[in-house]
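# A closer look at the structure
The lines below spell out each chain.
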Amino acid sequence: MGLRTRFAPSPTGFLHLGSAFSALFAFRLAQKSGGDFILRIEDIDGSRCRSRFEEAIFQDLMWLGLEWETPVRRQSEHLTDYTLALQTLKDRDLIYPCFCSRSDIAAEIRRAGVAPHRQNSGIYPGTCKRLSSSEKKEKIDSGAPAAWRLDIHKALEQTGPLYWHDRQLGKVRVALEQHGDVVVERRDIRTSYHLSVTLDDHIQEISLITRGEDLIPATSIHVLLQSLLGLETPEYFHHRLVTNDLGVRLAKRNDGQNIRSLKEAGFSPDAILKMIEFD
């Protein structure tokens, strides 16, 4: 049976070279195995996602020669799936409400004496986990906005040691020391990247998840969620990143070159492949 791979962009900007490499990487693996390539639109953040960017992603991927299974899944159309998963975690008392703002968290970290430049200084210090049940209920009843966080320690007590397999790294142990209690339901969106992507990959039966090596730490979170929700853990392949001459990863946030502007400048699909050293 062939592989089922996927590419899941957020329509918050034009497709850049790094994302084009990631899409082509997943597409070629599915193609070589006689499998299926899935395109998913991760558009839960309505404040940043735009339909014009979504349409541009479709056009640019087709221009590069990619084809995908239809219909395309849009996260914004499947919020019920995420709500049901969250309720499962709530029923098992694995998540708790967090009423802290980012400034609250930063202040708590400073009070704890953690140097602001230390690598993991942004880990949530567990402020709201220490609230009593009555204090949490009082805040919720008052209408205080809350995110919901996964109690990592309690979750790992239930699952025990976990591992996942990567085609480059081999057997990898789930390591969550650098994450702390991650958000699984944002206060503004009612889900999170971690929860949504984990559910989507299961629902769409993705057998090989391909993505950049910068997302290796996130995989531990996803494998933990898979175990807690009774989902199978697929195989992973974390590929190299496309960087500029200074070694900086090409991405929207640092003005990575986008396919639309290169196409308008006269570049061909073959020229794009050479730019990202894709063979």
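Just above, that's the structure.
The rules behind the values
- Residues numbered from 1 in each chain as written.
- Predicted model: local features only at pLDDT ≥ 70, side-chain atom pairs only at ≥ 80, totals over all residues.
- Heavy atoms only, no water.
- Buried < 20%, exposed > 50% of the residue type's maximum accessible area, 1.4 Å probe, protein only.
- Helix = DSSP H or I, 4+ residues; strand = E, 2+ residues; numbered from the N terminus.
- Pairing = 2+ DSSP bridges.
- Expected span 1.5 Å × (residues − 1).
- Polar contact = N/O pair within 3.5 Å; in protein donor to acceptor, adjacent residues only side chain to side chain.
- Contact = heavy atoms within 4.5 Å.
- Axes fitted to C-alpha atoms, helices over the stretch in contact; angles between N-to-C directions.

## Some remarks on the pairing of strand β6 (residues 163-166)
Taking every second residue as pointing to the same face, the buried face of β6 carries Trp164 and Asp166, while none of Tyr163 and His165 on the other face is buried. With 4 bridges connecting them, β6 and strand β7 (residues 170-173) associate as antiparallel partners. What sits directly across from His165, in β7, is Lys171. Counted along the chain from β6 to the antiparallel partner β7, the turn is 3 residues long.

## Points about helix α1 (residues 17-33)
If you check α1, its first and last C-alpha atoms are 25 Å apart, about what 17 residues at 1.5 Å a residue would give, namely 24 Å. Among the 17 residues of α1, 13 are classified as buried, and the element is accordingly described as predominantly covered. Of the residues trailing α1, Gly34 is marked for its positive phi of about 75°.

## Some details on the side chain of Asp200
Note on placement: Asp200 falls in helix α7 (residues 193-203). Within the structure, Asp200 has its side chain in polar contact with the side chain of Arg73 (distance 2.9 Å). Those residues within four positions of Asp200 in sequence are excluded, and the remaining contacts are Arg40, Arg73, Gln75 and Tyr82.

## A closer look at the sheet that holds strand β4 (residues 95-98)
Strand pairing within a sheet occurs via backbone hydrogen bonds; the two strands may be parallel or antiparallel. Taken together, 3 strands build an open sheet; the order of strands is β4-β5-β8 and the sheet is antiparallel. With partners counted over all chains shown, the strands left at the sheet margins are β4 and β8 (183-185), one partner each. On average, each strand axis in the sheet is tilted by 45° relative to the strand beside it, whichever way the strands run. When strand β5 (residues 147-150) meets β8, the two strands line up antiparallel, connected through 2 bridges.

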